[in-house]
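# Understanding the architecture of this molecule
One letter stands for each residue in the lines below.
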Amino acid sequence: VTVYADQAEASKAVARRIAELIRNKQAQGAKTVLGLATGATPVGVYSELARLHREEGLSFRDVITFNLDEYYPMRPEAPQSYVRFMDENLFNHIDIDKANVNIPDGTLALEEIPAFCLAYEKKIEELGGLDLQVLGIGRTGHIGFNEPGSAPNSGTRLVTLDDLTRRDASRDFGGKENVPTKAITMGIGTIFKAREIVLMAWNGKKASIVRKAVEGEISGEVPATYLQLSDNVEFVLDQDAASGL
Ligand code: GLP
């Protein structure tokens, strides 16, 4: 666990770490495979990465990204889509090749989802796995959209969203009744295979779930507690999110 004075400082540190990974890989002539998250939490990291691109020439030409999740159903052009979120917060501001961007497809027919999910996993594997996975945490203890009850070895799949998650998303959708009931998410098992995992959390609203995730009993009731079983996880917190530890 690393606690920073504030969210801005923490976000800069995570962005620098990602930039260093990309540059080290580039020096070896290798590609960087990043797992990315949405939500308010990583926005500062993405804006710092965009600044590093703009002002320090950090290039994303050799970067391949996999997003954790997407609502289902969801059109990419909808204001709440994670495709749109990633474009607005990161991809439109860097030199990434859009062919290297992967986000679960919210437009599939139900019967197409299992094959899509298997292919998503396979693509990550064939690229040598995720070098680094960025995570936020939901108030249910979800990572990605792995809600309570998710299995530690779960893969990419269609899931049902928790009521609290839909309530937390209701502002974006103009009411909870408009929030999709389902999502496609990488699994806990998918996330676990990443060589480095960085979970970020800011502000007092996350203090209680962060305490459970870091110090609580390992249980499917709080999926983020599974991260305690990995040696490659860092919790990056601001003082308020760490206040319960
Ligand atoms: C959504 C995302 C998660 C994210 C969580 C927390 O549910 N699917 O990946 O971690 O929200 O969101 P926020 O960062 O806005 O608190």
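We now turn to the structure provided with this report. Residue numbers restart at each chain and count upward from 1, following the sequence in its written direction. Per-residue local features of the predicted model are confined to residues with pLDDT of at least 70, and side-chain atom pairs are confined, for both listing and counting, to 80 or more; whole-chain, interface and lining totals are unaffected and use all residues. Side-chain numbers come from the whole structure's heavy atoms, not from hydrogens or water.

## A look at the pairing of strand E4 (residues 69–72)
Relative accessible area decides the class of each residue, using a 1.4 Å probe on protein chains only: under 20% of the type maximum gives buried, over 50% gives exposed, and in between gives partly exposed. Secondary structure elements follow DSSP: runs of H or I no shorter than four residues count as helices, runs of E no shorter than two count as strands, and numbering proceeds from the N terminus. Going residue by residue along E4, you find Asp69 and Tyr71 tucked away on one face and Glu70 and Tyr72 tucked away on the opposite face as well. A pair of strands is labelled paired if DSSP reports no fewer than 2 bridges between them. Looking at chain direction, E4 and strand E8 (residues 182–185) are connected through four bridges and run antiparallel. Bridge pairing in E8 places Asp69 opposite Thr185.

## Points about the packing of helix H1 (residues 7–27) against helix H2 (residues 43–56)
Helix-helix packing: each pair is described by the crossing angle between the helix axes and the interaxial distance. Simply put, an axis is a line fit to the C-alpha atoms, just over the touching stretch for a helix, and the angle between two N-to-C directions goes from 0 to 180 degrees. At their nearest, the axes of H1 and H2 sit 8 Å apart, and the two run at 50 degrees to each other. Judged by the angle between their axes, H1 and H2 are oblique. Our pair here, H1 against H2, has a crossing hand that is right-handed. Of H2, the residues touching H1 (which contributes Ser11, Lys12, Val14, Ala15, Ile18, Ala19 and Arg23) are Gly44, Val45, Glu48, Leu49, Leu52 and Glu56. Here the angle decides the label: under 35 degrees means roughly parallel, over 145 means roughly antiparallel, 65 to 115 means roughly perpendicular, and every other value means oblique. Each crossing is labelled by how the near helix is turned from the far one, with a counterclockwise turn of less than a right angle marking it left-handed and a clockwise turn marking it right-handed. Contacts are residue-level and defined by heavy atoms, with any inter-residue pair within 4.5 Å sufficient.

## A closer look at the packing of H2 against helix H3 (residues 82–89)
For the pair H2 and H3, the least separation of the axes is 9 Å and the interaxial angle reads 45 degrees. Judged by the angle between their axes, H2 and H3 are oblique. Counted together, Val43, Tyr46 and Ser47 of H2 and Phe85, Met86 and Asn89 of H3 form the full contact between these two elements. Each residue is assigned to one class: nonpolar for Ala, Val, Leu, Ile, Met, Phe, Trp, Tyr, Cys and Pro, charged for Asp, Glu, Lys and Arg, and polar for all the others, Gly among them. Tallied by class, residues from the contact of H2 with H3 come to four nonpolar, two polar and no charged.

## Digging into the sheet that holds strand E5 (residues 101–102)
The sheet built from seven strands is open, its strands ordered E1-E10-E9-E6-E2-E3-E5 with parallel pairing. Sheet topology places strand E1 (2–4) and E5 at the edges, where each strand pairs with a single neighbour. Bridging between strand E3 (residues 63–67) and E5 involves two bridges; their strand directions are parallel. Its bridge partner lying in E5, Phe66 is registered against Asn102. Along the sheet, helix H4 (residues 113–126) makes contact with E3 and E5, crossing E3 at roughly 150 degrees.

All we've got here are geometric facts, nothing functional implied.
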